[in-house]
Amino acid sequence: MSKLKVAVLISGRGSNLQALIAACQTPDFPAEIAVVVSNNPEAGGLARAAEAGITAMICDHTYFKGDKEGFEDALASIIEQSGAGLVCLAGFMRILSPRFLNRFRDKVINIHPSLLPAYKGLDTHARVLAAGEKTHGCSVHVVTAGMDEGAVIAQKSVPVKAGDTEETLAARVLEQEHTLYPEVVADIAAGRIVIRQGRIERTDAVRHHGTVKIESPKTHEAAMDNHAHSHTTPAADAETVARAQAMWSAFTKATVVAGGAIVVVLILLAALVA
Ligand code: GRF
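Owing to the predicted nature of the structure, the values given are computational and were not obtained by experimental measurement. (Residues numbered from 1 in each chain as written. Predicted model: local features only at pLDDT ≥ 70, side-chain atom pairs only at ≥ 80, totals over all residues. Heavy atoms only, no water.)

(A) Up close: the sheet that holds strand 4 (residues 86-89). Spatial ordering of the open sheet is given by 3-2-1-4-5-6-7, a layout of 7 strands whose pairing is mixed. Pairing within the sheet leaves two strands with one partner each, and these edge strands are strand 3 (56-58) and strand 7 (152-159). Here the strands of the sheet are splayed against their neighbours by 20° on average, with no regard to which way each runs. Sheet analysis places strand 6 (residues 135-142) next to strand 7, joined by 7 bridges and oriented antiparallel. Within strand 7, the residue paired with S139 across the bridge is Q155. Its contacts with the sheet place helix 3 (residues 68-82) against strand 1 (4-10), strand 2 (31-38), strand 3 and strand 4, and it is angled at close to 160° to strand 2. Its contacts with the sheet place helix 6 (residues 166-189) against strand 1, strand 2, strand 4, strand 5 (108-112), strand 6 and strand 7, and it is angled at close to 155° to strand 7. (Pairing = 2+ DSSP bridges. Helix = DSSP H or I, 4+ residues; strand = E, 2+ residues; numbered from the N terminus. Axes fitted to C-alpha atoms, helices over the stretch in contact; angles between N-to-C directions. Contact = heavy atoms within 4.5 Å.)

See the structure below:
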């Protein structure tokens with residue numbers, strides 16, 4: 001099966017990019033990085049892409065002197081020419097306009113260092129420490145025009161420990177980011193997660209919380225070709241599914257116990273008659 005092509009947009013050191021590169025280098029991983037684009041010519045992630053032999057492009061917003069549309073058109077052309085069906089923002093520090101996002105509808109995701117919807121925006125670790133939170137984490141979410149506001153696809157949490165500094169907490173969260181992002185990309189590429197009109201549909205109720213789609217798209221072509229599916233399948237929430245499974249399991253156990261009791265009674269009756 002062909003792999004889902006991914007464009008990764010960066011602005012800085014690119015440790016999440018590195019995690020995606022490593023995942024994509026595993027033979028069975030269902031996605032591959034088609035292009036890395038940085039708006040910052042100094043981004044450390046560019047060297048990581050080059051090292052891995054991945055096409056790396058600079059689309060420097062400062063060249064466009066305030067012409068945001070021009071910048072985004074250039075960015076969009078690079079992405080489209082790469083054939084990418086998914087755009088992963090990985091420390092990309094530009095806000096994308098609704099015009100750009102409509103061009104890549106349901107195809108742009110981001111990783112954010114907080115348990116969204118809490119702590120949108122910058123300096124999340126410092127704010128979490130200042131608020132005395134006990135738990136922190138990271139989220140992968142759909143990118144919409146509102147900053148860090150799109151539907152959350154998946155999250156991982158970490159404890160905030162006594163004596164944590166911004167650096168120690170950031171490092172603990174970052175470690176989780178590096179496993180979470182490749183997992184989500186794999187789920188999307190394999191069709192286990194579908195983004196449709198900004199909402200998340202999942203085929204796997206066990207690993208993630210949220211809606212459960214009964215009919216499973218089998219390929220990333222199906223995952224990416226969201227609008228080709230005109231029908232909708234009723235969705236249930238994970239809690240309902242879990243409750244139904246628990247009821248079925250209790251019913252099965254009760255049936256076995258009752259069946260056993262009937263057998264014992266029959267044996268006793270047979271013994272009495274004999
Ligand atoms: C990460 O913390 C990510 O969650 C946020 O920006 C940071 C990027 O780090 N959006 P890196 O460039 O991937 O190392």
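There is more to say, and it comes next.
(B) How the structure looks around the nonpolar core. Judged by nonpolar contacts, the single largest core of 43 residues is most densely connected at V8, I33, C88, I109, I153, Y181 and V185. With 9 residues, the top contributor of residues to this core is helix 6. Ignoring sequence-local partners within four residues, the contact set of I153 consists of I109, V140, H141, V142, V184, I193, I195, I200 and R202. L9, A76, F92 and L101 belong to the second-largest nonpolar core, a separate cluster that totals 20 residues. (Core = buried A, V, L, I, M, F, W, Y, C linked by side-chain atoms within 4.5 Å. Buried < 20%, exposed > 50% of the residue type's maximum accessible area, 1.4 Å probe, protein only.)

(C) Quick peek at unusual backbone geometry. Following L116, the chain continues into P117 via a peptide bond in cis, with omega recorded as 10°. With respect to the helices and strands, P117 occurs in the loop between strand 5 and helix 5 (124-130). One non-glycine residue, D123, adopts positive backbone phi at about 55°. With respect to the secondary-structure elements, D123 resides in the loop between strand 5 and helix 5.

(D) Structural context of the pairing of strand 5. Taken across its 5 residues, strand 5 has 5 buried, putting it largely inside the fold. Residues V108, N110 and H112 of strand 5 are buried on one face, and the alternating residues I109 and I111, pointing to the opposite face, are buried as well. In the sheet, strand 4 pairs with strand 5 via 3 bridges, with the strands oriented parallel. Pairing of V87 across the sheet is with V108, part of strand 5. Following the chain from strand 4 across helix 4 (residues 98-103) to the adjacent parallel strand 5, one finds a crossover that is right-handed. In the sheet, strand 5 pairs with strand 6 via 4 bridges, with the strands oriented antiparallel. Looking at strand 6, one finds that I109 is bridged to V142. (Right-handed = clockwise from strand over helix to strand, strands pointing away.)

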